[in-house]
Amino acid sequence: MKTTEEMSTLAQKETQEQINGLVLAFREEIMAELQMASDFMSQLQARVETLSKSFKKKQEEDREQELDVRTKMKQLFEKHEELSSKLENLLGQKDSLGEHDEGGEDDLRQQYGIYPGHTHFVPVDKFCLQYLPDGHRDKGLNDMMKALADLTVSVSVIRTSPHRPRFEPNTKVSYYLYNMRGSTNLRTGSGLVQQVTMITDKLCPCHECQHSDEPKDRYWKVVIITAANVVFDNTEAFHTRCKFFYDTENSPDIVLKVQGNSFNKNMNFDFSSFSCFTCDETLGNKLEERWHLYLRLKMIVNKKYIKNASKKKIKCNSFNNKCNFIN
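Please read all numbers here as calculations on a predicted model, not as lab measurements.

## As for the pattern of salt bridges
Then, number 1: Throughout the structure, instances matching the rule amount to 11 salt bridges.
Then, number 2: Where Arg 290 meets Asp 150, a salt bridge forms, and the shortest distance between an N and an O atom there is 2.6 Å. Here the residue Arg 290 occupies a position in helix α6 (residues 281-307), and Asp 150 occupies one in helix α3 (residues 139-150), the gap between them amounting to 140 residues.
Then, number 3: Owing to a relative accessible area of 21%, Arg 290 belongs among the partly exposed residues under this scheme.
Then, number 4: For Asp 150, a relative accessible area of 15% corresponds to the buried category.
Then, number 5: Here Glu 289 makes a salt bridge to Arg 290, at a shortest N to O gap of 2.9 Å.
Then, number 6: Several salt bridges converge on common partners, so that one network encompasses Asp 150, Glu 289 and Arg 290.

Written as structure tokens, this is what we have:
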């Protein structure tokens, strides 16, 4: 018979063999799982590489499409400018042939009797103190009128709204250009810069910046007021251009298109207002400087003539702080 010691040794040996078997099985199981994990990682890496290549290819295609779109937009913009230039040339040829445009200032004068009794006009570059009434040949008043002239703009409209009413408000008087609704003839009028604001917290919305890869973040908003019968609604405003500083025949063409949704109108008082935008620093600074100059001179002149309101030929309206000459 085996002794107790031998039996104990045998039991230990069997236990060790069992442990070794379990360890071996566990090792084989771990190795199998590691192999599966390795295979999965290889598949995952291959998938990631495939997706990465697809993504890069898609990015390249998108960049090519974006470049193509920008190129086409630039071509369309250039084509639009070319057509606009041709249209202006055609209109200029029309004027040179002695034809009259629809609703020009001459027509307004004839139809509405503007400037009755005036036999001649003085060009702004020749205007001076001697053209002011006796007793009012004041340098401040003359300077204010010069500043106001700098804020005067030529308004050109090439479309007449189909929504113009048949009659003037509360009358049976035919509304101006009612019979020309929907036409595309050029007409011109005058407007006035009502406000100039420099903006630095938004991108410039002007026509050039809208088609630029690098729009400016410093621009000027120019609010212009004119007669409602010149620019009646948004339809006409969209086809309106404003020319600045056109004092002489040799003045450079400084033209801005009306943009944005800021159109306002009051038919009872016959005025409308709209906005232009420019990121041209020379033009923006010049308009802003002239506008502030006019406001300062206007305040000085108004205060001066309010103090002399009792003088002959001056009538002051204290409600709006304006003075008018009485002929």
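Next, the rest of the story.
## Some points on the pairing of strand β3 (residues 219-226)
Look at any regular strand and the pattern is simple: side chains alternate between the two faces of the sheet.
Then, number 1: Burial analysis of β3 places 6 of its 8 residues in the buried class, the great majority of the element.
Then, number 2: Sheet analysis places strand β2 (residues 187-199) next to β3, joined by 8 bridges and oriented antiparallel. In the sheet register, Met 198 faces β3, and the bridge partner there is Trp 220.
Then, number 3: Pairing of β3 with strand β6 (residues 271-278) involves 7 bridges; the strand directions are antiparallel. Within β6, the position partnered with Lys 221 by the bridge is Phe 277.

## Examining a nonpolar patch on the surface
Then, number 1: Taken together, the side chains of Phe 26, Ile 30, Met 31 and Leu 34 present a nonpolar region at the surface, about 390 Å² in accessible area.
Then, number 2: Counting through the fold element by element, Ile 30 comes out in helix α1 (residues 4-96).

## Re unusual backbone geometry
Then, number 1: Although it is not a glycine, Leu 177 adopts a positive phi angle of roughly 65°.
Then, number 2: Relative to the helices and strands, Leu 177 resides in the loop between β1 (152-157) and β2.

## Some thoughts on the pairing of β6
Then, number 1: Most of β6 sits out of view: 7 of its 8 residues are buried.
Then, number 2: In this sheet, β6 lies alongside strand β5 (residues 254-266) in antiparallel orientation, the contact comprising 5 bridges. Opposite Gln 259, over in β6, you have Ser 275 as the bridge partner.
Then, number 3: Where β5 folds back onto β6 in an antiparallel hairpin, the turn is made up of 4 residues, including Asp 270, whose phi is positive at roughly 55°.

## A word on α6
Then, number 1: Taking 1.5 Å per residue, 27 residues should reach 39 Å; α6 reaches 39 Å between its end C-alpha atoms and fits that length.
Then, number 2: Listed as buried for α6 are Leu 283, Gly 284, Leu 287, Glu 288, Trp 291, Tyr 294, Leu 297, Val 301, Asn 302 and Tyr 305.
Then, number 3: The opening residue of α6, the one whose side-chain oxygen lies 2.9 Å from the backbone nitrogen of Thr 282, is Asp 280.

## Comments concerning the sheet that holds β2
Then, number 1: Taking strand neighbours around the barrel as the criterion, the 6 strands line up as β1-β2-β3-β6-β5-β4 in a closed arrangement whose pairing is antiparallel. Averaged over all pairs of adjacent strands, the angle between their axes in this sheet comes to 40°, without regard to strand direction.
Then, number 2: This element, α6, spans β2, β3, β4 (240-244), β5 and β6 of the sheet and lies at about 90° to β2.

## Considering the confidence of the model for the protein
Then, number 1: Averaged over the protein, the pLDDT score is 80; the fraction of residues at 70 or greater is 79%.
Then, number 2: No element of the protein has a lower mean pLDDT than strand β8 (residues 322-325), at 39, and none a higher one than β3, at 95.
Then, number 3: Ignoring residues within four places in sequence, the model shows residues 91-101, a span with pLDDT below 50, making 9 contacts including any to other chains.

## A few points about the nonpolar core
Nonpolar side chains in soluble globular proteins generally cluster together in the buried interior.
Then, number 1: In this structure, Val 193, Ile 224, Val 231, Cys 242, Phe 244 and Leu 287 are the most contacted members of the largest nonpolar core, which totals 33 residues.
Then, number 2: Within the second largest apolar cluster, 7 residues are counted, among which are Ile 199, Tyr 219, Phe 277 and Cys 279.

## Looking at α3
Then, number 1: Relative to the 16 Å expected for 12 residues at 1.5 Å per residue, α3 spans 17 Å between its end C-alpha atoms, a close match to the ideal helical length.
Then, number 2: Within α3, burial applies to Leu 141, Asn 142, Met 144, Ala 147, Ala 149 and Asp 150.
Then, number 3: Residue Asp 138 occupies the N-cap position of α3, its side-chain oxygen lying 2.9 Å from the main-chain nitrogen of Gly 140.

## What about the packing of aromatic side chains?
Then, number 1: Counted under the stated rule, the structure contains 3 aromatic pairs.
Then, number 2: Arranged with centres 6.1 Å apart and planes meeting at 65°, the rings of Tyr 219 and Phe 277 form a pair that is edge-to-face. Residue Tyr 219 is found in strand β3, and its partner Phe 277 is found in strand β6; the two are separated by 58 residues along the sequence.
Then, number 3: Exposure remark for Tyr 219: the relative accessible area of 4% places this residue in the buried category.
Then, number 4: Judged by its relative accessible area of 12%, Phe 277 falls in the buried class.

## Some thoughts on the side chain of Arg 164
Then, number 1: By the secondary structure assignment, Arg 164 is in the loop between β1 and β2.
Then, number 2: The class for Arg 164 is buried, based on a relative accessible area of 2%.
Then, number 3: Other than its neighbours up to four places away in sequence, Arg 164 contacts Tyr 175, Tyr 176, Leu 177, Tyr 178, Arg 181, Arg 187, Ala 228, Asn 229, Val 230, Phe 232 and Glu 236.

Rules of the game
- Residues numbered from 1 in each chain as written.
- Predicted model: local features only at pLDDT ≥ 70, side-chain atom pairs only at ≥ 80, totals over all residues.
- Heavy atoms only, no water.
- Salt bridge = Lys/Arg side-chain N within 4 Å of Asp/Glu carboxyl O.
- Helix = DSSP H or I, 4+ residues; strand = E, 2+ residues; numbered from the N terminus.
- Buried < 20%, exposed > 50% of the residue type's maximum accessible area, 1.4 Å probe, protein only.
- Pairing = 2+ DSSP bridges.
- Patch = residues over 30% accessible without salt bridge, like charges linked within 9 Å, V, L, I, M, F, W, Y side chains within 5 Å.
- Areas by Shrake-Rupley, 256 points an atom, 1.4 Å probe, with all protein chains shown as cover.
- Expected span 1.5 Å × (residues − 1).
- Polar contact = N/O pair within 3.5 Å; in protein donor to acceptor, adjacent residues only side chain to side chain.
- Axes fitted to C-alpha atoms, helices over the stretch in contact; angles between N-to-C directions.
- Contact = heavy atoms within 4.5 Å.
- pLDDT = per-residue confidence, 0-100.
- Core = buried A, V, L, I, M, F, W, Y, C linked by side-chain atoms within 4.5 Å.
- Phe/Tyr/Trp six-rings, centres within 6.5 Å; stacked < 30°, edge-to-face > 60°.

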